[in-house]
Amino acid sequence: MSSEVQIPQVQKILKNYKKGLRQEYDVFLSRLGSPNISSAQLKVYIQSLRDCITFLDKDYEILVGVLLKVDWTRREPAVVLEYQTLLHNLVSAHTYYLRAGLRMLVKHFLPKIPESSKNSLSESVVLDSQQLQEHETSFINVHLVIKAISDIVPMSPMVLMPLLSDYFPYMTKDTYLQECYVKNLLQITHYMPNQRQAILELIVDRMLKLDVRSPKHEIAEAEENTEDNDIIFDMDDPSVSQKVTSSDTGYSSGCSEPGSAKPMNHKEAERLDIMMDLVLKYIHQTCFHDGQLNWEKAKTLYREMLLVFDRLILPTHASCHVQFIMFFLCAIKQPICEGFLDFLWKKVQDPNTERVYRQASVSYIGSLLSRGLFVPISTVTACLGLMCDWVHKYLDQVGTDSIHADVCHHGSFYSVCQTIFYVFVFRSKELLEMKKGYKWAEGLNFQRIVTSRLNPLRVCLPVIVKSFASVTRTHQLAFCDTIIERNNRCFLPSSSTRKGDQLNDAFPFDPYLLHRSGKFIMPHYREYQGNVVQEDNDTEDEEDDFITDDIVSPKNTIPVLSTGKTPTDFMAYSVSPGFKQMQEWPQSMEG
C-alpha cells in the first residue's frame, strides 16, 4: 500500500473490518504506525481517513490509537495541516476521542531529548539552535490544534485541565523540560483566558513544592561553595544555549538568554528560578504593551493571582520566593498595592479567620511595607495607625486582670505588635523626617504597648525588640530597656524556653536570592539601611547568636548589616509564615 491509496479503498478496508475481515486492516495499521513512513505516504493516509471520519466510531479505537501516536508535529507543513484538520474533525464528530486527542497534544509539551544531548556530568541538556527551533515549531503546531478544538468543543477545558496537571513534569525532571512545560501552559492562557486562573494555580502549586525544598541557607551554601568556579560555569554551563525566538509564541526557546545571570548551583533553586522568571515575565507582558500599562488587564490578572495567593501561597510555610509574585504585582501600580494590603488587613481583623491565617497575613503586611520601594510613606503611616489602633483596642478589651504573655491565646496580638516594631524600625528615618513626624509617632503611644501586661517585648523576636528599643530610646518615644532586662532575668532561654513562647521568624519578603528572576524584583526592593543593635555583655544566651557574619541566616541567626549590595540584610528571616505549629495551638478565640 503506497501513495496510490484511494479513498474508496480505505472505506472498503474499514467496512470489511466491520464484517470480520482483518487482513487488510492490520496491514493498514502497520504501515500507518511505521516510524519510517514517508511524509508523502502519511499525507495520503491522513487525507483518506479524513474523508472517512463518520466511520471511525468506537469500533476503530485501535486505529485511532495508532493515528494519535504518529509523529506529526515536525513534518512538512502540508502534512502537519492535514493532520491538524483530521484531528480537529475527529474530536468534533466523536467527542469520546476528545480526552485521548488532548492527552496526545499535551504530551508534546514535553519534547523528546536525544541521549546524545544529555550531559551526564551536569545532568543538563545541551541542545543546538536547530533542535530548539524544531521544538518551538512543534509547540506552535500543537497550540494551533488545541485552540481549534477548544473553539468548537465546549467541554475541552474540563478535559484539558486535569491532563495538564497529570503531565506536569516531576520536580526532579530536567530543567529544560520544566521550562518548556511552563511556557506552554502560559501560552494556553492566551487563547483560553477563562482557564488562566486554574493554570496559574497549577504552576504556583508546583513552584511551591520546589520552593520549600530550596531553603535559603542551602542556596547560599551552594553558591558559596562554587564561588571560585564562576568562570567555568559561564563558559561551560550547558543551559546557556543559543536563543531562538518565535513571533508566534512570544517566548524564547533556549533555557536562558545569552548574557543572563548565571545558573543557580542548587538544583531545585535553578528550576524554581527559571519558572519564576517565566511567570514574572508573563505578568509584565500581560500588564504592559509597548511600555504602557494596560490597567484593565493588570486588575484582572491581580484578582486572579490574589485567589491563587489565598488558596496556595498564604497557607504554605517556609516558601521563600514564590510569594514575590504578589510583591511584583504590587509594584506595578499603587492601587494594586493598597488593595493587597486591604485584603490582608481584613483577614487580620476577622475573628472568624483561622489564627494562623491572621498571623501570616500581618507578616505579609509588615514585610511589604518595609521592603517595597514602591510603598509611599503615606501608606506606611496609614497602616501603622490602623495597626496601633487595633492593638490599643485589643488591650482595652482584655483589661488588666490575670493576663500574662501567652502566644497561644494572643498570637494575633503579638504578630501585629511585632509587625509594628518591624515596620517602624525599617522606615523610622522617613517617618521621623516627615513634617510633624515626631508628633505623629508620639500619637501611636508605643509606651502603653510595651508596658502592657501582655508584654510583647518578651514574645517578639529579640533582634526586632532590641532595634525597636534603640530607635524609640533615641527619639524618646518609648523606653524598653528596663522591660527587656526584666524579661531576660525571668525568661532564660537556656533553661525554660518552650516551643511556642516566641513568634516564628517569618517575614515573607526577605530577601530574594534567585539570579535570573531577581531582575524583576530587585529594582523595587529595599534593603535595611539602619544599624544592627548589639549588646555589650558577656552572657552566653542564644540572643548573641542573632548577629553573625554569615551570608544568610539559618533558622536561629541573623546576618550582619552590610552597606554594600548584598543578597540579604538585617532581619532576614527568609520564609513565609504558613501553617507551622498550627496543630499545637488551641482553638480558643482571641480577644
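Calculation notes
Residues numbered from 1 in each chain as written. Predicted model: local features only at pLDDT ≥ 70, side-chain atom pairs only at ≥ 80, totals over all residues. Heavy atoms only, no water. Salt bridge = Lys/Arg side-chain N within 4 Å of Asp/Glu carboxyl O. Helix = DSSP H or I, 4+ residues; strand = E, 2+ residues; numbered from the N terminus. Buried < 20%, exposed > 50% of the residue type's maximum accessible area, 1.4 Å probe, protein only. Core = buried A, V, L, I, M, F, W, Y, C linked by side-chain atoms within 4.5 Å. Contact = heavy atoms within 4.5 Å. Expected span 1.5 Å × (residues − 1).

K.L.:
Hey, could you go over the pattern of salt bridges for me, with residue numbers and the actual values?
P.N.:
As enumerated under the stated definition, the model contains 25 salt bridges in all. Between Arg 213 and Glu 268 there is a salt bridge; the shortest N-O distance is 3.3 Å. Of this pair, Arg 213 sits in the loop between helix H10 (196-212) and helix H11 (216-225) while Glu 268 sits in helix H13 (residues 267-287); the two residues are 55 residues apart in sequence, bridging distant segments of the chain. The buried category is assigned to Glu 268, whose relative accessible area is 16%. For Glu 430, the salt bridge goes to Arg 526, with nearest N and O atoms at 3.9 Å. Pair noted here: Glu 430 is in helix H19 (residues 407-433) and Arg 526 is in the segment after helix H26 (518-521), with a separation of 96 residues, a long-range link. In the salt-bridge network here, residues are joined through shared partners; they are Lys 18, Asp 57 and Asp 59.

K.L.:
Explain the nonpolar core to me, and be specific about the residues and the numbers.
P.N.:
Counting residues in each nonpolar core, the largest one holds 172 residues, and the members touching the most others are Leu 164 and Ile 325. Ranked by residue count, the leading element in this core is H19, at 14 residues. Ignoring sequence-local partners within four residues, the contact set of Leu 164 consists of Val 106, Phe 109, Tyr 181, Leu 185, Ile 188, Ile 199 and Leu 202. Of all hydrophobic cores here, the second largest spans 8 residues; its members include Ile 113, Leu 127, Phe 139 and Cys 180.

K.L.:
Which residues make up helix H16 (residues 334-349), and what values do they have?
P.N.:
Taking 1.5 Å as the rise per residue, H16 with 16 residues should run 22 Å; its terminal C-alpha atoms sit 23 Å apart, in good agreement. Those residues of H16 not exposed but buried are Ile 336, Cys 337, Phe 340, Leu 341, Phe 343, Leu 344, Trp 345, Lys 347 and Val 348. Turning to H16, the residues buried within the fold contact helix H14 (295-313), helix H15 (324-332), helix H17 (355-371), helix H18 (377-398) and H19.

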